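Read off the chains here:
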Amino acid sequence: MEIQYSGKIKKVNDAHTAEVSKQTGFPSAATHYMEAPIDLHKELTIHQDATFYIRVEGNEWKSYNILHKDVLIVDRSLKPNFEDLALVVQDATFKVMRIPFGGCKDICTLWGVITYIIHYAR
Amino acid sequence: MIAMVDCNSFYASCEQVFRPDLWGKPVVVLSNNDGCVIAANAEAKRLAHIPMFEAVYKIKDALIKNNVTFFSSNYTLYGEMSQRVMNILGTFSPHVEVYSIDEAFVDVGGMEHLDLKAYGHNIKERIYKETGLPVGVGVAPTKVLAKLANRMSKKIASHHHVYIMDTEEKRLEALAWAEIGDIWGIGRKHVMRLHQVGVFKAIDFVRLPLAWVRKEMTIVGERLWKELQGESCLEFMTMPKPKKAIGTAKSFGQKLRDLGRIEEACAYYITEVAEVLRAQNSCATYIQVFLHTNYHSKIDKQYSKGTTVTMPIPTNDTFALISEARKALHHIYKPGYRYKKVGVNLSGIIPQEYVQGNLFQQRSKFNDKRLIATLDKLNMKFGKSTIASAMIGTRVDEWELIKRERSPRYTTQWGELLTVKAVH
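Quick caveat: nothing in here was measured; it's all calculated off a predicted structure.

Enquirer: Describe the overall build of chain B, with residues and values.
Expert: When its secondary structure is counted, chain B shows 14 helices and 14 strands. Each of the three principal axes of chain B carries a C-alpha extent, and together these read 65 × 65 × 50 Å. In chain B, the proportion of contacts linking residues at least 24 apart, taken out of those at least 6 apart, comes to 67%.

Enquirer: Residues and numbers for the sheet that holds strand β3 (residues 37–40) of chain B, please.
Expert: Strand pairing within a sheet occurs via backbone hydrogen bonds; the two strands may be parallel or antiparallel. Residues and elements named next belong to chain B. With respect to topology, three strands assemble into an open sheet ordered β3-β2-β4, the strand pairing being mixed. This sheet does not close on itself; its edge strands, each paired only once, are β3 and β4 (69–72). On average, each strand axis in the sheet is tilted by 30 degrees relative to the strand beside it, whichever way the strands run. Its contacts with the sheet place helix α1 (residues 10–17) against β2 (27–30), β3 and β4, and it is angled at close to 115 degrees to β2.

Enquirer: Quick rundown of the interface of chain A and chain B? Include the residues and the values.
Expert: You'll often see interface size given as the accessible area lost when the parts meet. Listed as interface residues are 22 residues of chain A and, on the opposing side, 20 residues of chain B. Among the elements of the structure, β3 (51–57) and β6 (93–98) of chain A are those that each provide at least two residues to the side of chain A that touches chain B. Here the side of chain A that touches chain B takes six residues from β3 of chain A, the largest share from any one element. A breakdown of the residues in the side of chain A that touches chain B according to their chemical character gives twelve nonpolar, four polar and six charged. Of the pairings in the sheet, the one linking β3 of chain A to strand β14 (residues 418–421) of chain B comprises four bridges and is parallel in character.

Enquirer: So, the packing of helix α11 (residues 259–279) of chain B against helix α12 (residues 318–332) of chain B: which residues are in play, and what are the values?
Expert: Residues and elements named next belong to chain B. Orientation of α11 relative to α12, taken along the N-to-C sense of each, is 140 degrees, at an axis distance of 9 Å. In terms of orientation, α11 lies oblique with respect to α12. Relative to α12, the crossing made by α11 is right-handed. Together, I262, E263, C266, A267, I270, T271 and A274 of α11 and T318, L321, I322, A325, R326 and L329 of α12 make up the contact between the two elements. Of the residues assigned to the contact of α11 with α12, the class counts are nine nonpolar, two polar and two charged.

Enquirer: Lay out the confidence of the model for chain A with the relevant residues and their values.
Expert: Per-residue confidence for chain A gives a mean pLDDT of 83; residues scoring 70 or more make up 78%. The spread of mean pLDDT over the elements of chain A runs between strand β1 (residues 2–6) of chain A, the lowest at 52, and strand β4 (residues 71–75) of chain A, the highest at 97.

Enquirer: I'd love a proper account of the sheet that holds strand β5 (residues 96–100) of chain B, names of residues and values included.
Expert: All names here are of chain B. If you walk across this open sheet you meet the five strands as β5-β6-β1-β7-β8, and the pairing is mixed. Across the chains shown, the open sheet's two edge strands, defined by having one partner strand only, are β5 and β8 (162–164). On average, each strand axis in the sheet is tilted by 15 degrees relative to the strand beside it, whichever way the strands run. One ladder, built from five bridges, connects strand β1 (residues 2–7) with strand β6 (residues 103–107); its direction is antiparallel.

Reading the values: the criteria
- Residues numbered from 1 in each chain as written.
- Chains lettered and ligands numbered in written order.
- Predicted model: local features only at pLDDT ≥ 70, side-chain atom pairs only at ≥ 80, totals over all residues.
- Helix = DSSP H or I, 4+ residues; strand = E, 2+ residues; numbered from the N terminus.
- Contact = placed C-beta atoms within 7 Å.
- Pairing = 2+ DSSP bridges.
- Axes fitted to C-alpha atoms, helices over the stretch in contact; angles between N-to-C directions.
- Nonpolar A, V, L, I, M, F, W, Y, C, P; charged D, E, K, R; others polar.
- Parallel < 35°, antiparallel > 145°, perpendicular 65-115°, else oblique.
- Left-handed = near helix turned anticlockwise from the far one by under 90°.
- pLDDT = per-residue confidence, 0-100.

Shown next as structure tokens:
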């Protein structure tokens, strides 16, 4: 912070002083082509108010390509289609299943449709 | 027309969304410090022999015996779930007045040509589908009537949580159904007075002459009277009113004797209220600090004292506020007592841009807005009090509220996500 003196009055100059080059001349060729970087949250979460992240423990869902410690992105707003991967509740427990033809009405309660599986690869 | 949408047993429902093993089972949520029950779902309320909303220590055994699951309050979760509900309501109408954490008025004016009943069911079903939270919807010409319609939607089973009061007959029917005490805005004192003059149902109230209502219940009563007649008097507020005073006071997890820990708790509360202050872009002029022992204890010496200090310049700077509050605390603290609670209350709240400088006060060394803004950003990103004044200390768990049964913050902390066991 820089203190400015003018006569008896002290004044703190707290204007933002970012490190900007004083160089003049030809500006960056990209000036008119700048775009916001990719934001994964925006890309993977379509309906924010209806989306929940859920972590999986254990390898029992390997056949669905869901492994231990994976995080599921579950969108509750989507209408499930045939063969969609979904998080459901059966016998008071969470389960994963593929939506059968005609929905899962009688056998379980739909919690939400799984849209992405986040897997840590290292 | 105005719709009043409110969530059924909101806190308990939030907990149940993530716990299918508790669906259809009794659930209660406890107050700060796990002192008493503040929310109970329908299944818990049905256990009529247990006096719910009682001190926990009195009913704990009965709760356990009846397989009632209890949670410490998890306001982070409830607040985030509430935001989802409000956002969804925002897609139904541009005018949504968030009335409380679990209630909102939705202006559905101009939609009367639609089938409002279907519209109400649409709101209810969408919120349930997308968030897992059950809501009730009441639609009526005024706010007070909408509140009443909402009550009817829940209390009368055949309405299935959606009730539309769209005709004069329905309005009169509702007024004949409602007890006077059920009307929004009529407090216990007024109920007693109204009972004296033979008013028991809402319909009796609207038959009173307006002059009497105005004389006995002021302009507030007059507005209620008119609203019940179907004349809209309460304006629609889409922006929340800035708070006039912001305070917090919570009992310690255990009784405290030494000034050090009390100072730390005080600094912690100031940090909390200063955040609220900044969120609404205002500054506080006065800080009230109070301290007291346990009134209910028969063995302890009793002491209780409060004091108010004036800030040299109104501010919302956490550090400046902590520093003044600390001085105030030193002023009222007396050694030799077992303290139960310290509280802070900020008042004289003015918009940030109206703050006047003080001729005799040097510009405060604390007055670095960027520091505070960075602090807020960090805490928003990494969780409450990630970075805070050192005055808060590191002994938070020695005095903080007991939150034994708090559920994970499923929706705001990556480390606390709902974890599901992979089973077939």
